[in-house]
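# Reading the structure
Okay, here's what each chain looks like letter by letter:
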Amino acid sequence: MFRVNENYQKLPGSYLFSRIAGKVNAFLQANPDQKVIRLGIGDVTQPLAPAIIDALHRAVDEMACAETFRGYAPDLGYEFLRSAIVENDYRARGCDISVDEIFISDGAKSDSANIQELFADCSRIAVCDPVYPVYVDSNVMAGRTGTYDAASEVWSDVIYMPCTMENGFVPEFPRETPDIIYLCLPNNPTGTTITKEQLQGWVDYAIKSGAVIIYDAAYEAYISEENVAHSIYECEGAKTCAIELRSFSKNAGFTGVRLGCTVVPKELRCGDVSLNAMWARRHGTKFNGAPYIVQRAGEAVYSEEGKAQLKEQVAYYMRNAAVIRDGLKEAGYTVFGGVNAPYIWMKTPEKMSSWDFFDYLLEKANVVGTPGSGFGPCGEGYFRLTAFGSYENTQEALERIRKSGC
Ligand SMILES: Cc1ncc(COP(=O)(O)O)c(C=O)c1O
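Per-chain numbering applies: the sequence of each chain, read as written, is numbered from 1 onward. Residue-level local features of this predicted model are given only where pLDDT is at least 70; pairs of side-chain atoms are given and counted only at 80 or more, and the full residue set underlies all totals for whole chains, interfaces and linings.

## Brief notes about the environment of Ser-247
Position of Ser-247 among the secondary structure elements: in strand β9 (residues 242–247). Under the C-beta neighbour-count criterion, Ser-247 is labelled buried, with 25 such atoms within 10 Å. Separated by 20 residues in sequence, Ser-247 and Glu-267 have C-alpha atoms that sit 23 Å apart. Apart from residues lying up to four places away in sequence, Ser-247 is in contact with Gly-107, Ala-108, Ala-218 and Gly-260. A run of H or I in DSSP becomes a helix once it reaches four residues, and a run of E becomes a strand once it reaches two; helices and strands are each numbered from the N terminus. Buried means a residue has 20 or more other C-beta atoms within 10 Å of its own C-beta, exposed means 12 or fewer, and partly exposed covers the counts in between; C-beta atoms are placed from the backbone. Two residues qualify as being in contact provided that their C-beta atoms, derived from the backbone, are within 7 Å of each other.

## Side note on the domain arrangement of the chain
According to the domain assignment, the chain consists of domain 1 (14–43 + 305–403) and domain 2 (53–302). Boundary definitions for the domains trace back to an automatic or database domain assignment. A separation of 26 Å is found between the C-alpha centroids of domain 1 and domain 2. Contact with domain 1, which involves 28 residues of that partner, is made by 35 residues of domain 2. Mapped by element, the contributors of at least two residues to the side of domain 1 that touches domain 2 are α11 (304–330), β13 (335–337) and β14 (343–347). Top contributing element to the side of domain 1 that touches domain 2 by residue count: α11, with six residues. Residues are sorted three ways: Asp, Glu, Lys and Arg are charged, Ala, Val, Leu, Ile, Met, Phe, Trp, Tyr, Cys and Pro are nonpolar, and all the rest, Gly among them, are polar. Class assignment of the residues belonging to the side of domain 1 that touches domain 2 gives a composition of 14 nonpolar, ten polar and four charged.

## What to know about the sheet that holds strand β2 (residues 102–105)
DSSP-based pairing: two strands are paired if at least 2 bridges between them are found. Strand order in the open sheet made by the seven strands is β2-β10-β9-β8-β7-β3-β6, with mixed pairing throughout. Each of the sheet's edge strands pairs with one partner strand only, and the pair in question is β2 and β6 (159–162). Across the sheet, the mean angle from the axis of one strand to that of its neighbour is 20°, orientation sign disregarded. The pairing of strand β3 (residues 125–129) with β6 spans four bridges and is classified as parallel. Under this scheme, a helix contributes an axis fitted over its contacting stretch, all axes are lines through C-alpha atoms, and angles between N-to-C directions fall in the 0 to 180 degree range.

This is the structure we're talking about:
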């Protein structure tokens, strides 16, 4: 008789965004004439930039001729894309990363879920609370998180680093020593970030405590302030203790196209074992490469045209972020984020729970956001709005929130 991976049975209830979709669908069934504005899920809305579309068309045409047709891509990615990443994301920032430390993937979600395979079952993970749920859930599936307490919504074997208004949403070094530390900066969901000096502190801490940092840089393109690192490798020693995840989803609109990369430096070792070699082995065994046409589109992200067009796209979303941030502040809310990230994290009014505020906003303003409690217990009493909508919808949403007297 076959048996299932029982760790899956430990995963609590429905996924956050399914519950949101269920509530929105029920509302629309009851109120078919209402126009709901969705500022909940972190999906982009702007079309792909012209430079990327051109690259896709060219690559599709290549697939139509025997001479230029491409089959399986190299497991670790095409050299043209890996070199563009090295030059633009790393060397241009003074980071000494080489092509054979870059692994092309289909996005940061799968990489952030898969990377835990490299580590021993008994590894203790440390995560921020609130957190992007994939880091915890992928470790639950691997059986690394102990037992779940439904009342407190915490796992017995996970080290939580609370990020609250009191500490400016900046995690503090945990009291217990972790083996794997997940950091996402700029942060989803809080939209906040830390200075380069603070990040250096984390690198020093990881080296001292023998931990590895999984650094999710999915929102790096939204950094607008000086003195915020765009890569963890801007910090001294990071190549010996950090793996970096990057995504083309939010900087270039590839949420539906799918492309990402992971950087595993050769200096990152556990005794004699190279994590770079392990990840190469894993990729070779379990992944057959991102599509050629998508990798060509990724290359176009780094062309001069592509860079200029994407700068405008990021600016478009950040204009929305300013509309949300300023609008909510004017309406009297306590608001965070939205300066170095496309997320605005707000305190719910009058001590409302996150889900009560979700219902309230949906009913009164027909605006959908994401309840902070869906990202962890410390998210309770907070609410996330995204800047990824259209400018017009974002303006209208804020107008409605103001008028609804929420
Ligand atoms: C922190 C974080 N990492 C990774 C991802 C997923 O990125 P991708 O689309 O590249 O899989 C997201 C998507 O919302 C995210 O918020």
